[in-house]
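Here is how the chains run, residue by residue.
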Amino acid sequence: MESRSVIQSAPGPAKSKVVKELESLDSKIRVCTACPLYKSRTLAVPGEGKFNSKVMIIGEAPGRNEDLTGRPFVGSSGKFLDHVLEGSEFDRSDFFITNICKCRPPSNRTPKTGEIETCTSLYLYRQIELINPRIIVLLGGVAVKKMLGKKTVEEARCGIVEHEGRKFLVTYHPAVRFYREELAEKIKEDFALLKSEMKKL
Ligand code: SF4
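For clarity, every value in this text was computed on a predicted model and none was experimentally measured. (Residues numbered from 1 in each chain as written. Predicted model: local features only at pLDDT ≥ 70, side-chain atom pairs only at ≥ 80, totals over all residues. Heavy atoms only, no water.)

(A) Main features of the sheet that holds strand S6 (residues 160-163). Reading across from one edge, S4-S3-S5-S7-S6 is the order of the 5 strands in this open sheet, with mixed pairing throughout. At either margin of the open sheet sits one strand with a lone partner, and together these are strand S4 (95-99) and S6. Across the sheet, the mean angle separating the axes of adjacent strands is 30° when strand polarity is ignored. Bridge count for strand S3 (residues 55-59) against S4 is 5 bridges, and the pairing is parallel. Each residue of the ladder has a partner; that of Gly59, found in S4, is Asn99. Set on the sheet, helix H5 (residues 141-148) makes contact with S3, strand S5 (135-139), S6 and strand S7 (166-171); between it and S5 the angle comes to about 130°. (Pairing = 2+ DSSP bridges. Helix = DSSP H or I, 4+ residues; strand = E, 2+ residues; numbered from the N terminus. Axes fitted to C-alpha atoms, helices over the stretch in contact; angles between N-to-C directions. Contact = heavy atoms within 4.5 Å.)

Here it is in structure tokens:
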């Protein structure tokens, strides 16, 4: 089963090189068998958004709804994302949204180190290079560990941080609020900071 391409390109007859390469990555991800996660997926989830988004959001891996639709953050975490952006001039179309791993792990387990290494080296790093966002938002411990080398969100969460020439904002994964309600407020605080930073971009 295939789903539509979700790279939003600029209008006009000639597609830019960046859009073409993002679409090519998208196609490769949808049929990828480079790590064992391909066996349990319904649809791979390459990510979606504008090819020139100033902000990129990186979560952990697709959940059930994402796996069924091939789109990132369409389940309850996506609704929460919409909620934290409500009332601002921004919505999800202002971001490129993707994950560390593009296929759903069985029973939503945490992706294994080998799966993370394979998927990021084949796809995520190139997506970052192509989109070249001004700020990267990391949602949850898996993204934080891989991208910043920190052990926990708590250790890395301190506003906008610079790492290897890029700016990052670290926050909790929206799914965490189901078992730690108090963290929903912290995620909202972090997105409030993000919205104020986005106005300066
Ligand atoms: S998780 Fe990534 S590397 Fe593994 S099969 Fe899916 S797209 Fe390929």
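(B) Up close: the pattern of salt bridges. Applying the stated criterion across every chain, the model contains 11 salt bridges. Across the salt bridge formed by Arg109 and Glu115, the nearest N and O atoms sit 2.9 Å from each other. The buried category is assigned to Glu115, whose relative accessible area is 4%. Ionic pairing is found between Glu189 and Arg157, a salt bridge with its closest N-O pair at 3.5 Å. Taken together, the residues Glu189 in helix H7 (residues 183-200) and Arg157 in the loop between helix H6 (153-156) and S6 connect sequence positions 32 residues apart. (Salt bridge = Lys/Arg side-chain N within 4 Å of Asp/Glu carboxyl O. Buried < 20%, exposed > 50% of the residue type's maximum accessible area, 1.4 Å probe, protein only.)

The quantities given are spatial measurements derived from coordinates; they are silent on function.
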